[in-house]
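Architecture and fold: a report
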4 protein chains.
Amino acid sequence: MIRFECDYAEGAHERVLRMMIETNMEQTVGYGKDPYCEKARELVKKLCKVDSADVHFLVGGTQANKTIIASILRPYQGALCASTGHINAHETGAIEATGHKVLALESTDGKITAKQIQDAYDEHWNDGSHEHTVQPGLVYISNPTENGTLYTKQELTEISEVCHKCNLPLFLDGARLGYGIMAKGNDLTVADIARLCDVFYIGGTKVGALFGEAVVITNESLKKDFRYFIKQNGGMLAKGRLLGIQFIALLQDNLYFQISEWANIMAYRIKDALQKKGIRFLYDSMTNQQFPIFEDCQLEKLSQTYSFNFWTKVDATHSAVRICTSWATKEEDVEQLIRDIDRL
Amino acid sequence: MIRFECDYAEGAHERVLRMMIETNMEQTVGYGKDPYCEKARELVKKLCKVDSADVHFLVGGTQANKTIIASILRPYQGALCASTGHINAHETGAIEATGHKVLALESTDGKITAKQIQDAYDEHWNDGSHEHTVQPGLVYISNPTENGTLYTKQELTEISEVCHKCNLPLFLDGARLGYGIMAKGNDLTVADIARLCDVFYIGGTKVGALFGEAVVITNESLKKDFRYFIKQNGGMLAKGRLLGIQFIALLQDNLYFQISEWANIMAYRIKDALQKKGIRFLYDSMTNQQFPIFEDCQLEKLSQTYSFNFWTKVDATHSAVRICTSWATKEEDVEQLIRDIDRL
Amino acid sequence: MIRFECDYAEGAHERVLRMMIETNMEQTVGYGKDPYCEKARELVKKLCKVDSADVHFLVGGTQANKTIIASILRPYQGALCASTGHINAHETGAIEATGHKVLALESTDGKITAKQIQDAYDEHWNDGSHEHTVQPGLVYISNPTENGTLYTKQELTEISEVCHKCNLPLFLDGARLGYGIMAKGNDLTVADIARLCDVFYIGGTKVGALFGEAVVITNESLKKDFRYFIKQNGGMLAKGRLLGIQFIALLQDNLYFQISEWANIMAYRIKDALQKKGIRFLYDSMTNQQFPIFEDCQLEKLSQTYSFNFWTKVDATHSAVRICTSWATKEEDVEQLIRDIDRL
Amino acid sequence: MIRFECDYAEGAHERVLRMMIETNMEQTVGYGKDPYCEKARELVKKLCKVDSADVHFLVGGTQANKTIIASILRPYQGALCASTGHINAHETGAIEATGHKVLALESTDGKITAKQIQDAYDEHWNDGSHEHTVQPGLVYISNPTENGTLYTKQELTEISEVCHKCNLPLFLDGARLGYGIMAKGNDLTVADIARLCDVFYIGGTKVGALFGEAVVITNESLKKDFRYFIKQNGGMLAKGRLLGIQFIALLQDNLYFQISEWANIMAYRIKDALQKKGIRFLYDSMTNQQFPIFEDCQLEKLSQTYSFNFWTKVDATHSAVRICTSWATKEEDVEQLIRDIDRL
């Protein structure tokens, strides 16, 4: 079975692993206060072009999302979010478990607009009885989204402006950030994101690390006591240096972006093959996640050799799946898949 | 200003008040363990025709909703509910504050169907990765709904059957139960509701009491330690007998239902006058809440004398409002309103 | 059975009740925005001599405590409190249910000292790994305490100064405030308390009202969006005017303090009788709660006619009970009790 | 600087690391459903001699504690625990953040007794107003404790019996379990612990793994839907196999216990040297944590070369520190420390 079901089927990029091996028997202090985390913080800040940012390293995405959101909101506030957003759809109510409502905005492709945010804000505040409803307290977006789509610089700028005007911190989930930055047509840099968002993270788990997300807080008012939140939410890794070491390996010599580009290139090849075969897609994605709509008999045939992530039934005879490439995808596996697509 | 904006603009029915006055200087134990609460419990159980039910008295609706829901769900479970449901739309995230997601089902008139419940259940359990999403843990409905609409016996029976099959306790919010029971065309009795639901409450606040909701738990497995939940949620009234006394007054000699019927009759008169005038309605309600759609200029005129509850903008020149009658509505006020409607 | 077990065995003072009767059929807006609440707010502020305070009316003590504490603390902060404090010992974890640890400080008589607060603060901040422990976020005291004891002006001033220096809001639970203010030897006024605390409440439930606590927020930074907290915690009474009306009745013509004084006088008479009989006390109380230590056979005898609140077993043959008087205590009941004490 | 401050200053044992390297580019499913986790589960169950146990792998201790406790308790219940217990003293209120009170029992050496549990249970249930207080819902102990002390088989059996009688699940935190099992004088086996507890975990983070705790649930009634709890608490590692792989390496060929023994032997040598020097200890520990009481001038001298964990000020001129050895402690470092102790 060749796995295209997700971008976390393998371990870590060899350069990440090598640095972990080399430093294995060194002694350091725990909990992320070691020199490796310190150096990794500097690399992240350089990449973001924000000297004053606070950088924290967390193990996984759900943990990062709940910790960040709990740190921003007051108890009666909620998080505006696409209905398809990970915090709304795939985290077992982790946000609600911290006491907060996810305020879902309709979305078909994973994105929301500046206008939707403004409208939600107005709806709350124009209502005379606003203390009877949850107050919007922040905006959560992901880029790339769960559907592989991307925000343009224009779109993110508009969202940022609305958020600023409405005093809603903007939080960007970058679990797959590398794949987005390196996507064909993308016009956003990490520095743009750092400038336009109040807090975001650079995903490691899905881009070459064993695990790890680098949280960047640029808004001064969101920095206070963040380590308490990490600890309380069970996210403070005892051997915290493991996170620093991995991000050093990823951010040195541009590795993070090189391997992201590789995944995208592999995805485009598969996409081309599918398009040539006349297969339609559920979303228009230029990143490492592709959502083709197969005839069920086609899917059955391919599934003998490849594992995909089942997405949704489209009609009586068609289903959409997610095909994921990653930093670890092998060219020969892609070529084999393309041949098998041609033969369908 | 004559208020038709809600059904809690006045104090209590005089017979409720009188009984409070008569018992005022008696000494009783606190926290709902007094003889008045005991007697009221008996009256409630007789009305419900369920000897084995547990009956608790709470002060208000939001408190009742959050206490009941928190008592039923496990931390990773959520409450299925119409998108328009009070717990989803008007309680400032009180349910989420207890850690639970409200799983909203689309609704235009305030009701949900057995099929919607079954579909939501199936969607969760048929998905291989169900531990990544919130597990449906109960069904919340209100009757009458927030939009004045009612479930038929057939509909409630179907919902009850699905809930039973899916092991989802069914919780009915009866904040305006009296108005529903006495509505023209209603075919549900309180005993039916007690039989078909696992827990529900008989609303006092909006039907003649100063405050108070009588929670009836019929499902044996939901009874345990409920008083701990009341206390923890801040709902254990020190002078608990005030709740017992009010429900005795309401349930003796059928007062609760007589005053509910009065409110409905007043509402129908207003409805008739509006219909004669060719005014449309947002929802088809046979209860004490009516939702006419006025031209904005009509509304402006009426608003000089009457207060309504603004509901929604319908189009550029029309708005829907809620007109509420209650046990306390005066016939002369209704007649005056009808005359003013006629003159529009 | 003559009840001395608590100060909430009866209904309301007749002047409170009368005002509720007189206003019963008036129509007002709901949720505490009516003219009666407005007037009551003015009376409270005048009493406190703080024009700029925010005043909110809540139904009960646990609700007030959890709502206020949840409104002040950040998620990783806790409430410093005497080990005997109501929030630590008698509220079924209501504070923890909002996510916060109660940081108990040892106390034998219900009081804590400025030094204990300073020490707890220092212990947290001097520890290098402070993010691994709960950060003190506020100080909760009650006056009178659960044991009937009182803070002197000197003590409260010292506590206030430490709190100010440590940036810890000071919250005073005044469920029995009237009995404290009118106690022999007390040197604190309500205005002193308003000046020295950041938030406190004037208890109505135990001092002449059917229910109700008047929360006074003097610290500007704690005022924001407090009504959201009330609603989310299930404390927003639909017929909110009932709270305003009761506090008007209590605060007009000094009623609140007159009836408090009465309760104290009755308590002193009982105390005298007990002392004459050589009976010792668990705490030295000058308020309406007295904690005599009876021989078990004495207790058995008295318990045939009077109900007390069992407090604790003191040794093999002695037990302490709580004897409560209140605004409603009848002189003849006290005289009868005194006679029966004499006869022991 | 030679670090004796904790048992998580280095990376992983080389055999753990080697297995991670060897499996690095294999593709597996995520979230702990892979064959490595499956195999590790079998090894854990074999070690525990309980075929029917459920085994889950979590990343860290705080996460394990909060996830397990949240999965057991009802909202109004709390966790009985030594006052020194990790969940009470060093987890930033993580348990309270899930809504539960930690019910602290006095302890000087980290242990609690069966009698303390029985007394706490009786105190709750014998009080007539028990719904006003937090109901004990489980017992949390750690072995070794935070102070290096150990339960005997006799003690744990008594605790288990009380817990069983009182219907209180017994949860044992085994973050340093290996060091306890291999301690001189210990008479408990892992199988004993599995038999006597309802749930416990075998700590990897502090015993040779990069991270990871193996949770063993033996009580049937605590197994249901545990994966939902893991996900909601942010503990479901995407590349879950990393946990399985590490526990396979640790549990194969008895590695876990061999390296634990090594740490203990190193600790005993240091202990001997300290005792010869006449230095007293804060607790009597036979595990890898030692708590000597130094004169402050002694401590200052040693601290130039060695880092210890400051524990507490004992008197004006003495302080206790924690000295930790681990699987990674080098013999030459211990010998150097012993020489320097001799020279004091």
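That block above? That's the structure.
Before going into details, it helps to say that this report is about the structure given with it.

Parameters and conventions
One numbering rule holds for all chains: residues counted from 1, following each sequence as written. Here chains are named by letter from A upward and ligands by number from 1 upward, in the order in which they appear as written. Only residues with pLDDT of 70 or above have their local features reported here, since the model is predicted, and side-chain atom pairs are shown and tallied only from 80 upward, although totals for entire chains, interfaces and linings are computed over all residues. Side-chain metrics in this entry use all non-hydrogen atoms of the structure; hydrogen atoms and water are not considered. Here the copies are matched by least squares. The fit uses the C-alpha atoms of residues with pLDDT of at least 70 in both. Residue contacts are counted whenever heavy atoms from the two residues lie within 4.5 Å of one another. If DSSP finds at least two bridges between two strands, the strands pair. Helix and strand assignments follow DSSP, with helices taken as H or I runs no shorter than four residues and strands as E runs no shorter than two, numbered in order from the N terminus. Axis definition: a line fitted to C-alpha atoms, limited for helices to the stretch in contact. Angles are taken between N-to-C directions and run from 0 to 180 degrees. Here, expected helix span is obtained from the residue count minus one, scaled by 1.5 Å. Two N or O atoms form a polar contact when they lie within 3.5 Å of each other; inside protein one atom must be a possible hydrogen donor and the other a possible acceptor, and for residues adjacent in sequence the pair counts only when both atoms belong to side chains. Roughly parallel means an angle under 35 degrees; roughly antiparallel, over 145; roughly perpendicular, 65 to 115; everything else is oblique. The hand of a helix crossing depends on one turn: near helix anticlockwise from the far one by less than a right angle means left-handed, and clockwise means right-handed. Amino acids outside the nonpolar list (Ala, Val, Leu, Ile, Met, Phe, Trp, Tyr, Cys, Pro) and the charged list (Asp, Glu, Lys, Arg) are all regarded as polar, and Gly is one of them. Buried area adds together the accessible area that both of two parts lose upon being put together, with accessible area traced by a 1.4 Å probe. Whenever Lys or Arg places a side-chain nitrogen within 4 Å of a carboxyl oxygen from Asp or Glu, that contact is recorded as a salt bridge. Under the scheme applied here, a residue whose accessible area is under 20% of the maximum for its type counts as buried, over 50% as exposed, and between as partly exposed, the area being computed with a 1.4 Å probe on protein chains only. The rule is short: rings of Phe, Tyr and Trp, with Trp giving its six-membered ring, pair when the centres are within 6.5 Å, and they are stacked under 30 degrees, edge-to-face over 60, tilted in between.

Here we come to the relation of the copies chain A and chain D. After a rotation of 180 degrees and a shift along the axis of 0.0 Å, chain A superposes on chain D with an RMSD of 0.0 Å. When the rotation and shift are considered jointly, the pair of chain copies conforms to a two-fold rotation axis. A symmetric contact is evident, with 100% of the interface residues of chain A recurring at the interface of chain D.

Residues and elements named next belong to chain A. Strands sit in the order β2-β8-β7-β6-β5-β3-β4 across an open sheet of 7 strands; the sheet is mixed. Looking at strand neighbours, the two that pair on one side only are β2 (54-58) and β4 (102-105), the edges of this open sheet. Neighbour-to-neighbour, the strand axes of this sheet turn through a mean angle of 25 degrees, independent of strand direction. As defined by bridge partners, strand β5 (residues 135-142) adjoins strand β6 (residues 170-173) across 4 bridges and the pair is classed as parallel. Bridge pairing in β6 places Ser142 opposite Asp173. Helix α6 (residues 114-126) contacts β3 (77-82), β4 and β5 of the sheet and is inclined by roughly 165 degrees relative to β5. Together, β5 and β6 form the strand contacts of helix α7 (residues 153-166), whose direction differs from that of β6 by roughly 145 degrees.

Residue and element names in this part refer to chain A. Taking 1.5 Å of rise per residue, 14 residues should cover 20 Å, and helix α2 (residues 35-48) covers 20 Å from first to last C-alpha, within 8% of that figure. Considering only its buried residues, α2 is in contact with β2, α9 (190-196), β7 (199-203), β8 (213-217) and α11 (241-251). Capping the start of α2 is the job of one residue whose side-chain oxygen sits 2.9 Å from the backbone nitrogen of Tyr36: Asp34. In the segment just after α2, Lys49 is the residue with positive phi, at about 55 degrees.

With that out of the way, let us pick up the packing of helix α1 (residues 14-22) of chain A against α11 of chain A. Residues and elements named next belong to chain A. Look at α1 against α11: their axes get within 8 Å of each other, and the N-to-C directions meet at 135 degrees. Taken together, α1 and α11 sit at an angle that is classed as oblique. Here α1 runs over α11; the crossing is right-handed. Of the residues in α11, those touching α1 at Arg15, Val16, Met19 and Met20 are Leu242, Ile245, Gln246, Ile248, Ala249 and Leu250. A class-by-class count of the residues in the contact of α1 with α11 yields 8 nonpolar, 1 polar and 1 charged.

Moving on, we come to the interface of chain A and chain B. Counting from both sides, the interface comprises 17 residues of chain A and, opposite them, 17 residues of chain B. Here chain A and chain B share an interface that buries about 1,300 Å² over both sides, 49% of which is from carbon and sulfur atoms. Of all residues in chain A, the largest losses of buried area upon contact with chain B belong to Thr92, Glu96 and Lys101 of chain A, amounting jointly to 43% of the total for that side. Between chain A and chain B we count 2 salt bridges in total. For the salt bridge of Glu96 of chain B with Lys101 of chain A, the shortest nitrogen-to-oxygen distance reads 2.7 Å. Counting across the chain A and chain B interface gives 10 residue pairs in polar contact (both at pLDDT 80 or more). Contributions of two or more residues to the side of chain A that touches chain B are made by α4 (86-89) and α5 (94-97) of chain A. Looking at side-chain class alone, the side of chain A that touches chain B contains 5 nonpolar, 8 polar and 4 charged residues.

Rotating chain A by 180 degrees and moving it 0.0 Å along the rotation axis overlays it on chain B with an RMSD of 0.0 Å. In this assembly the copies share their binding face: 100% of the residues contributing to the interface of chain A also contribute to that of chain B.

Okay, the pattern of salt bridges next. Applying the stated criterion to the full structure yields 80 salt bridges over all chains. Between Glu131 of chain B and Lys33 of chain D there is a salt bridge, and its shortest N-O distance comes to 3.8 Å. On the criterion of chain membership, the pair formed by Glu131 of chain B in the loop between α6 (114-126) and β5 (135-142) and Lys33 of chain D in the loop between α1 (14-22) and α2 (35-48) is interchain, its members lying in two chains. Across the pair Arg18 of chain C and Glu14 of chain C runs a salt bridge whose closest N-O atoms are separated by 3.9 Å. In this pair, Arg18 of chain C and Glu14 of chain C both sit in helix α1 (residues 14-22), 4 residues apart, roughly one turn of the helix. Since its relative accessible area comes to 42%, Arg18 of chain C is described here as partly exposed. Look at Glu14 of chain C and you get exposed, because its relative accessible area is 53%.

Residue and element names in this part refer to chain B. Direction vectors running N to C along helix α2 (residues 35-48) and helix α11 (residues 241-251) enclose 40 degrees, while the axes themselves pass 8 Å from each other. Here α2 lies oblique to α11, going by the angle between them. Here α2 and α11 pass one another in a crossing that is left-handed. Within the contact between the two elements, α2 uses Tyr36, Cys37, Lys39, Ala40, Leu43, Val44 and Leu47 and α11 uses Arg241, Gly244, Ile245, Phe247, Ile248 and Leu251. For the contact of α2 with α11, the per-class residue count stands at 10 nonpolar, 1 polar and 2 charged.

Turning our eyes to something else, we now look at the pairing of β7 of chain A. All names here are of chain A. In terms of burial, β7 is largely enclosed, as 5 of its 5 residues are buried. Burial along β7 is two-sided: Val199, Tyr201 and Gly203 and Phe200 and Ile202, pointing in opposite directions, are all buried. The sheet contact formed by β6 and β7 spans 2 bridges and is parallel. Note that in β7 the partner of Phe171 across the bridge is Val199. As paired strands, β7 and β8 are joined by 5 bridges and run antiparallel to one another. For Tyr201, the partnering residue across the bridge sits in β8 and is Val215.

Quick look at the sheet that holds strand β8 (residues 213-217) of chain B now. All names here are of chain B. Overall, mixed pairing links the 7 strands, which are arranged β2-β8-β7-β6-β5-β3-β4 in an open sheet. The open sheet has two edge strands with one neighbour each: β2 (54-58) and β4 (102-105). Recorded for the sheet is a direction-independent mean angle of 25 degrees between the axes of neighbouring strands. The strands that helix α7 (residues 153-166) touches are β5 and β6 (170-173); relative to β6, the one it contacts most, it runs at about 145 degrees.

This part covers the side chain of Arg41 of chain C. Residue and element names in this part refer to chain C. Assignment of secondary structure puts Arg41 in helix α2 (residues 35-48). A polar contact is formed between the side chain of Arg41 and the side chain of Glu38, at a distance of 3.0 Å. Those residues in contact with Arg41 that sit more than four places away from it in its chain are Gly32, Val55 and Phe57.

Attention shifts here to the environment of Glu91 of chain A. Tracing the backbone shows Glu91 of chain A in the loop between α4 and α5. Apart from the residues lying within four places of it in its own chain, the contact partners of Glu91 of chain A are Thr62, Asn65 and His86 of chain A, His132 of chain B together with Lys231 and Gln232 of chain D.

A word on the packing of aromatic side chains. Residues and elements named next belong to chain B. Using the criterion set out here, one finds 58 aromatic pairs over all chains in the structure. Ring geometry for Tyr121 versus Trp125: centroids 6.2 Å apart, planes at 45 degrees, classification tilted. Of this pair, Tyr121 and Trp125 both sit in helix α6, 4 residues apart, roughly one helical turn. When the centroid spacing of 6.3 Å and the interplanar angle of 5 degrees are considered together, the rings of Tyr306 and Phe308 count as stacked. Neither Tyr306 nor Phe308 differs from the other in exposure class; each is buried.

Here we take up the interface of chain A and chain D. Counting residues at the interface gives 45 residues for chain A, matched by 45 residues for chain D. With both chains or domains summed, chain A and chain D bury close to 4,000 Å², and 55% of this area falls on carbon and sulfur atoms. Across the chain A-chain D interface, the total number found is 0 salt bridges. One can count 26 residue pairs in polar contact (both at pLDDT 80 or more) joining chain A with chain D. Contributing elements (two or more residues each) for the side of chain A that touches chain D: β1 (2-3), α1, α3 (61-72), α5, α10 (226-232) and α11 of chain A. Taken together, the residues of the side of chain A that touches chain D break down into 23 nonpolar, 13 polar and 9 charged.

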